[in-house]
Amino acid sequence: MRTAPAPDAPIRDDGSRVGRWERAGAVGVFVLAVVLAWSRMPAAVRDVLWAEDGRTFLGEGVQYGTLGTLTHSYAGYLHQYPRLVAGVVQHVLPVEGWATGIAFGAVVGTGLVAAVVFVCTRDATARLTPGAALAARAGIALAVVLVPIATNEVLGNLANVHAYFLWMMPFVLLHRPRTWASSVGLAVVTLLGALTETQAIVFAPLLVLGLRARRTWPVRAAFLAGAGLQLAVWLGSDRHRGQVGRATIDLASLADGFGLNAGMTTFLSRAASGEFLAAVGPWAGLLFLVPFVVAFVWVLVRGDRTQRTLAVVLALYAVVLWCAAVVLNPKPAYAYAGMSPEFLRYAWVSRYGVFPDTAGLVLVLLALVTPRRWSRTRSAVGVAAPASADPSRRSLRPRRVPRRPALGTAVRSTVAVVLLVLVVVQFRPLGPVLRTDGPRYTAAVAAAREACRTLPADRAIRIRSAPQTQQDTPGPPTRQEPTSFWSLSMSCAVVTGARTSDVGHEVEQVRPVPTFG
């Protein structure tokens, strides 16, 4: 009697050729993801520091030194990847290149996530031919780079790069590594992701799947270590106390917001989405979820076990993460259900929509690569089943063979083309993004360097970052006086290059502090 192989039985293939192709594919996806992500950002955006990138990651690097920042939490969270990138940027680049270096480091993180997703989708495309599997895996991996909603706030900055590591988590936890080397490599990336994104802990229930596979243990141990440390830091902070009982967003607004951020933004630009909502109503975004729901049902009906599991996990967590983020961080801009048509024209498109929006794209891609329908007999396609020469092995039951319905091929091709057109049309943002009008970092550093010629070396100066104002209420954007809330603080010695930033030091806090940008 033949028995099924153990979960960790070595998989025989033609030497190491499969492994080489896997590594080459992952490297190719990484490079392509970095190039695409960098190309999606307008040139002006690459020269603007966003929020915590200046004030927290670069600013605390100047104050405490690179190693000192790794033990610092921000708002109750650890952000290890942004801290590491900020340290590298401060060591390698001159001060005037920090903004561009931060943007590039952020897209490198996005490329890393895409490469990991490529590796972890091998089993979801196992029934395809090698060429089709490669294309499908690349498409699924690059979805997080090409999702339209990312250009507004998330793409190209360290403050929101954690959203990409959050997307990576279900893929690494569902994956079954073939070798111990790949398991250890994924464990390192998983630990880095868990130490960057606190919300990753919501994927802890996935740890119960595939416990018998010993090669998954390093990844699971890394996840538990990172998530456990994040939880301890969060519980030791004051942030969780301030979030208890603050949920003020009603269910209708949660649903309407999900439809806008997880569905409509894939098909329409921000401006077009606002006009559509104003004309139809706040619930109109739910209409754009229909294609994703159809794709989800199709995968459940036609997909194999791996595809069905991935589809359920992505769909479930798309809803859970959106609702949790809005409920725990409520503001009037999320009260979509009660907005007037005038306010709906400027409905807020949130960074919380990156995971559910990307999940929708991947569900469609999974539906396109699900196994084809099987016909009952070969006679259904006009081919007679061959008879066995051995009478004892003849069976009256017809053999199941795949058929190639022309209609199904046409539908899949049409869907693929439509999806490609949507991605291409919104490859670059249609209209301004949140950082478009931000203060130009290079010009601000040049002005600060000129001013520091007449100031003491330990005198503090500020470089403004975007956003300069905080607007949490719905409605059209209003012009306000810029503030220094989001700004990079450092001494003239750092600006002029007289002192490196690898060792923290105090600066002379004289009021008023010269501010540039």
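Remember, predicted model here, so these are calculated numbers, not experimental data.

### As for the pairing of strand S4 (residues 487-491)
Taking burial as the measure, the five residues of S4 include four buried ones, the bulk of the element. Pairing of strand S3 (residues 460-464) with S4 involves five bridges; the strand directions are antiparallel. Its bridge partner being in S4, Arg464 is matched across the sheet by Ser487.

### Describing helix H10 (residues 217-235)
With 19 residues, H10 extends 26 Å between its outermost C-alpha atoms, agreeing within 8% with the 27 Å of an ideal straight helix rising 1.5 Å per residue. Val219, Arg220, Ala222, Phe223, Gly226, Ala227 and Gln230 are the residues of H10 that are buried. With its buried residues spanning 160° around the axis, H10 presents them on a single face. Tucked into the core, H10 has its buried residues touching helix H8 (162-174) and helix H9 (180-194).

### Let's talk about the state of the cysteines
Overall, the coordinates contain one disulfide when judged by the stated rule. At a sulfur-sulfur separation of 2.1 Å, the disulfide partner of Cys452 is Cys492. Disulfide Cys452-Cys492: the torsion about the S-S bond is -70°, which places it as left-handed. Of this pair, Cys452 sits in the loop between helix H19 (441-451) and S3 while Cys492 sits in helix H20 (residues 492-496), placing them 40 residues apart in sequence. Since its relative accessible area comes to 1%, Cys492 is described here as buried.

### Some points on the sheet that holds strand S5 (residues 515-516)
Pairing within the open sheet is mixed, and its three strands lie in the order S4-S3-S5. At either end of the open sheet lies a strand with only one pairing partner, and these are S4 and S5.

### Describing the pattern of salt bridges
A pair can form between side chains of opposite charge whenever their charged atoms are brought close. Throughout the structure, instances matching the rule amount to eight salt bridges. Notably, a salt bridge pairs Arg122 with Asp123, separated by 3.3 Å at the nearest N-O pair. Glu450 is the partner of Arg453 in a salt bridge, and the nearest nitrogen-oxygen pair spans 3.6 Å.

### Examining the packing of aromatic side chains
With the rule as written, the count across this model stands at 13 aromatic pairs. Seen in terms of ring centroids, Trp167 and Phe355 are 5.1 Å apart; in terms of plane orientation they differ by 70°. Their pairing is edge-to-face. Taken as a pair, Trp167 in helix H8 and Phe355 in helix H17 (residues 354-368) lie far apart in primary sequence, 188 residues in all. Phe355 carries the same exposure label as Trp167, and that label is buried. Seen in terms of ring centroids, Trp322 and Tyr334 are 6.3 Å apart; in terms of plane orientation they differ by 90°. Their pairing is edge-to-face. Separated by 12 residues along the polypeptide, Trp322 in helix H15 (residues 305-328) and Tyr334 in the loop between H15 and helix H16 (341-344) bring together distant segments of the chain. Just as Trp322 is buried, Tyr334 falls in that class too.

### Description of a nonpolar patch on the surface
On the surface, Val293, Val297, Leu300, Val301 and Val312 cluster together to form a nonpolar patch covering roughly 390 Å² of accessible area. For the nonpolar patch, the leading source of residues is helix H14 (residues 290-302), giving four residues. For Val312, the position within the fold is in helix H15.

### Section: the nonpolar core
Judged by nonpolar contacts, the single largest core of 126 residues is most densely connected at Trp98, Trp167, Phe203, Tyr441, Ile463 and Met490. A per-element tally of this core places helix H5 (residues 98-120) first, with 12 residues. Residues within four places of Trp167 in sequence aside, it is in contact with Val113, Val117, Val144, Leu314, Phe355, Thr358, Ala359 and Val362. Core analysis: the next-biggest nonpolar cluster, separate from the first, contains seven residues, Val48, Trp50, Tyr74 and Ala159 among them.

### Considering the side chain of Gln426
Considering the arrangement of structural elements, one finds Gln426 in the loop between helix H18 (406-425) and H19. Residues in contact with Gln426, not counting those within four places in the same chain, are Arg40, Pro148, Thr265, Thr266, Phe267, Leu268 and Ser269.

### Points about the confidence of the model for the protein chain
Overall, the prediction assigns the protein chain a mean pLDDT of 84, with 82% of residues at 70 or greater. Taken together, the stretch residues 1-15 has pLDDT below 50 and engages in 11 contacts with residues farther than four places along the chain or on a different chain. Every residue in residues 373-399 is under pLDDT 50, and counting partners more than four places away or in other chains gives 27 contacts.

### A short note on the packing of H8 against H15
How two helices pack is summed up by the angle between their axes together with the distance between the axes. H15 packs onto H8 with a crossing angle of 150° between their chain directions and a minimal axis gap of 11 Å. The orientation of H8 with respect to H15, classified from their angle, is roughly antiparallel. In this structure, H8 meets H15 at a crossing whose hand is right-handed. Side by side, H8 and H15 meet where Leu166, Trp167, Pro170, Phe171 and Leu174 of the first sit next to Thr309, Leu310, Val313, Leu314 and Leu321 of the second. Looking at the contact of H8 with H15, its residues break down into nine nonpolar, one polar and no charged.

### Concerning the environment of Thr110
Within the secondary structure, Thr110 is located in helix H5. Spatially, the C-alpha atoms of Thr110 and Ala163 are 9.4 Å apart, while their sequence positions differ by 53 residues. Those residues within four positions of Thr110 in sequence are excluded, and the remaining contacts are Val145 and Tyr164.

### A short note on the environment of Asp256
Relative to the assigned elements, Asp256 resides in helix H12 (residues 251-267). A relative accessible area of 7% places Asp256 in the buried class. For the pair Asp256 and Leu286, spaced 30 residues apart in sequence, the C-alpha separation works out to 6.6 Å. Excluding residues that lie within four positions of it along the chain, Asp256 makes contacts with Pro282, Trp283, Leu286, Tyr336 and Ala337.

### A word on the packing of H12 against H15
The interhelical angle for the contact between H12 and H15, taken along N-to-C directions, is 120°, at an axis separation of 10 Å. The angle between H12 and H15 places the two elements in the oblique class. Once H12 is placed against H15, the crossing between them reads as right-handed. The segment H12 lies against H15, with Leu254, Gly257, Phe258 and Asn261 engaging Ala318, Val319, Trp322, Cys323, Val326 and Val327. When grouped by side-chain class, the residues that make up the contact of H12 with H15 number eight nonpolar, two polar and no charged.

Cut-offs used in this document
- Residues numbered from 1 in each chain as written.
- Predicted model: local features only at pLDDT ≥ 70, side-chain atom pairs only at ≥ 80, totals over all residues.
- Heavy atoms only, no water.
- Buried < 20%, exposed > 50% of the residue type's maximum accessible area, 1.4 Å probe, protein only.
- Helix = DSSP H or I, 4+ residues; strand = E, 2+ residues; numbered from the N terminus.
- Pairing = 2+ DSSP bridges.
- Expected span 1.5 Å × (residues − 1).
- Arc of directions from axis to C-beta.
- Contact = heavy atoms within 4.5 Å.
- Disulfide = S-S within 2.5 Å.
- Salt bridge = Lys/Arg side-chain N within 4 Å of Asp/Glu carboxyl O.
- Phe/Tyr/Trp six-rings, centres within 6.5 Å; stacked < 30°, edge-to-face > 60°.
- Patch = residues over 30% accessible without salt bridge, like charges linked within 9 Å, V, L, I, M, F, W, Y side chains within 5 Å.
- Areas by Shrake-Rupley, 256 points an atom, 1.4 Å probe, with all protein chains shown as cover.
- Core = buried A, V, L, I, M, F, W, Y, C linked by side-chain atoms within 4.5 Å.
- pLDDT = per-residue confidence, 0-100.
- Axes fitted to C-alpha atoms, helices over the stretch in contact; angles between N-to-C directions.
- Parallel < 35°, antiparallel > 145°, perpendicular 65-115°, else oblique.
- Left-handed = near helix turned anticlockwise from the far one by under 90°.
- Nonpolar A, V, L, I, M, F, W, Y, C, P; charged D, E, K, R; others polar.

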